[in-house]
Amino acid sequence: GMTDLTSDVVEVTIAPATPIEILPGQFMRFAFDGFPSRAFSPTEPLNGQSIAPAFCLNIKRVRGGQVSPQLGKAIRVGHRVRMLGPFGHAYLRSGGQDRLILIGSGTGFAPVWAVATAALRENPHRPMFLLGATRQIGSFYIASALELANRFPNVTVVTAVERGEELPAPIHTGPPEAHLPEMGPRDIVYAAGSPAMVDRVAAIATEAGATFYSDPFEADPQRAPPLPARLGS
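Think of each chain on its own: its residues are numbered from 1, step by step along the sequence as written. In view of the model being predicted, local features appear only for residues whose pLDDT reaches at least 70, and side-chain atom pairs are presented and counted only at 80 or more, with totals across whole chains, interfaces and linings using the full set of residues. Heavy atoms throughout the structure, all of them, feed into the side-chain values; hydrogens and water do not.

1. Overview of the side chain of Arg126
- Strands are runs of DSSP state E lasting at least 2 residues, helices are runs of H or I lasting at least 4, and numbering of each runs from the N terminus. Within the secondary structure, Arg126 is located in the loop between helix H1 (109–122) and strand S8 (128–134).
- Buried charge without a salt bridge: Arg126, with Glu122 as the nearest opposite-charge side chain at an N-O distance of 4.5 Å.
- Aside from chain neighbours lying at most four places away, what touches Arg126 is Leu92, Arg93, Gly96, Gln97, Asp98, Leu100, Asn154 and Ile188. Note on exposure labels: buried denotes an accessible area under 20% of the residue type's maximum, exposed denotes more than 50%, and partly exposed covers the range between, all computed with a 1.4 Å probe on protein chains only. Neither His nor the chain ends is counted toward charge; the positive residues are Lys and Arg and the negative residues Asp and Glu. What counts as a salt bridge is simple: a side-chain nitrogen of Lys or Arg found within 4 Å of a carboxyl oxygen of Asp or Glu. Note on contacts: a residue pair qualifies if any of its non-hydrogen atoms lie within 4.5 Å across the two residues.

Dropping the structure here:
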């Protein structure tokens, strides 16, 4: 399935032919038939309702890209896709009780939302700070997810738009790292989005002694091994 979330972000729903065991926050490589492979993070729908064994991808249509601009055009519902993975170490460790600090910028919100929903299903009272950000207001597609998370008593939700004029509350302006809470050694931090933002958050978390997790948001297809000829659908 495909649903346009904004003018430049599309939600793609994929139902694998065989079950795939993937931990919340990990990523996989996807190759739509006839197109080069790309790395995306499987996530939950923005309404928080599980659709397992199917899952969602939040994909930004990159101008001039070889794959994402074709979603809804040459790549349509029913298009065959091969998958490889999962990969990554920035996944939710089950059984934790310490505060989670989750920062997702742009479609980097996808792995963060996967971690958030899994953590809240495991323990709806777990302390959590959830920050969702986009570069501009026109790409802000995550409002429904943040509204859902805000219903949990121990979850603090912050929204931010990096560029543009000042926006009405509760939306903040400026880079995501400008709106982080004070961190400590017991905090567990996940960040996904632009490499520069992730590096800045990593530096803040490291200085505070917090545990920090992040994976490259987009694997380099030139360095990644080719997908096998047949690997599910």
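2. Describing the sheet that holds strand S7 (residues 100–105)
- Strand pairing is assigned whenever DSSP detects at least two bridges linking the two strands. Strand order in the open sheet made by the 6 strands is S10-S9-S8-S7-S11-S12, with parallel pairing throughout. The open sheet has two free edges, formed respectively by strand S10 (171–173) and strand S12 (211–213), since each of these has just one partner strand. Here the strands of the sheet are splayed against their neighbours by 20 degrees on average, with no regard to which way each runs.
- Direction of pairing for S8 relative to strand S9 (residues 155–161): parallel, over a ladder of 7 bridges. Bridging from a neighbouring strand, Gly132 pairs with Thr159 of S9.
- The sheet contacts of H1 involve S7, S8, S9 and strand S11 (188–192), and relative to S7 the element is tilted by about 150 degrees.
- Taken strand by strand, helix H3 (residues 195–208) contacts S7, S11 and S12, and its axis lies near 170 degrees from that of S11. Helix axes are fitted only over the stretch in contact, all axes being lines through C-alpha atoms; the angle between N-to-C directions runs from 0 to 180 degrees.

3. Notes on the confidence of the model for the protein
- In this model, the protein carries a mean pLDDT of 88, and residues with pLDDT of at least 70 account for 90%.
- Here residues 219–233 scores under 50 on pLDDT; set against residues more than four positions off or in separate chains, the count is 30 contacts. pLDDT gives the predictor's per-residue confidence on a scale running from 0 to 100.

4. Some thoughts on the sheet that holds strand S5 (residues 55–60)
- Spatial ordering of the open sheet is given by S1-S2-S5, a layout of 3 strands whose pairing is antiparallel. The open sheet has two free edges, formed respectively by strand S1 (2–4) and S5, since each of these has just one partner strand. Here the average twist between neighbouring strands, direction ignored, is 20 degrees.
- The pairing of S1 with strand S2 (residues 9–14) spans 3 bridges and is classified as antiparallel. Note that in S2 the partner of Thr3 across the bridge is Glu11.

5. A look at the pairing of S2
- Within S2, 5 of the 6 residues are buried, which leaves it mostly tucked inside the rest of the structure.
- The antiparallel pairing of S1 with S2 creates a hairpin that spans 4 residues between the two strands.
- Two strands pair when backbone bridges link them, and S2 and S5 are joined in this way by 6 bridges, in the antiparallel orientation. The partner of Glu11 across the bridge, within S5, is Asn58.

6. Quick notes on the pattern of salt bridges
- Per the stated rule, a full pass over the model turns up 7 salt bridges.
- In this structure, Asp187 engages Arg99 in a salt bridge whose closest nitrogen and oxygen atoms are separated by 2.8 Å. Here Asp187 is found in the loop between S10 and S11, whereas its partner Arg99 is found in the loop between strand S6 (81–87) and S7, with 88 residues between them in sequence.
- Asp187 gets classed as buried once you look at its relative accessible area, which sits at 7%.

7. Some points on the environment of Gln49
- Tracing the sequence through the fold places Gln49 in the loop between strand S4 (38–40) and S5.
- By relative accessible area, Gln49 is classed as exposed at 53%.
- Spatially, the C-alpha atom of Gln49 lies 8.9 Å from that of Thr117, the residues being 68 residues apart in sequence.
- For Gln49, the residues in contact, after removing those within four places along its chain, are Glu44 and Arg121.

8. So, the packing of aromatic side chains
- Under the pairing criterion, centres of Phe, Tyr and Trp rings, with the six-membered ring standing for Trp, must be within 6.5 Å; the plane angle then separates stacked pairs below 30 degrees from edge-to-face pairs above 60, leaving the rest tilted. On inspection of all chains with the given rule, the structure shows 5 aromatic pairs.
- Measuring from ring centre to ring centre gives 6.2 Å for Phe30 and Phe40, while their planes differ by 40 degrees; the resulting arrangement is tilted. Of this pair, Phe30 sits in strand S3 (residues 27–32) while Phe40 sits in strand S4; the two residues are 10 residues apart in sequence, bridging distant segments of the chain. Grouping residues by exposure puts Phe30 and Phe40 together as buried.

9. Quick word on the pairing of S11
- Of all 5 residues that make up S11, 5 are buried, and the element is covered over most of its length.
- On S11, burial covers both faces: Ile188, Tyr190 and Ala192 on one face and Val189 and Ala191 on the other are all buried.
- For S7 and S11, the ladder comprises 5 bridges, and the chain directions are parallel. Looking at S11, one finds that Gly104 is bridged to Ala192.
- Bridge count between S11 and S12: 3 bridges; the pairing is parallel. Bridging from a neighbouring strand, Ile188 pairs with Thr211 of S12.
- Throughout, right-handed denotes a crossover for which the path from the first strand over the helix to the second runs clockwise when the strands point away from the viewer. As a crossover connection, the stretch from S11 through H3 into S12 is right-handed.

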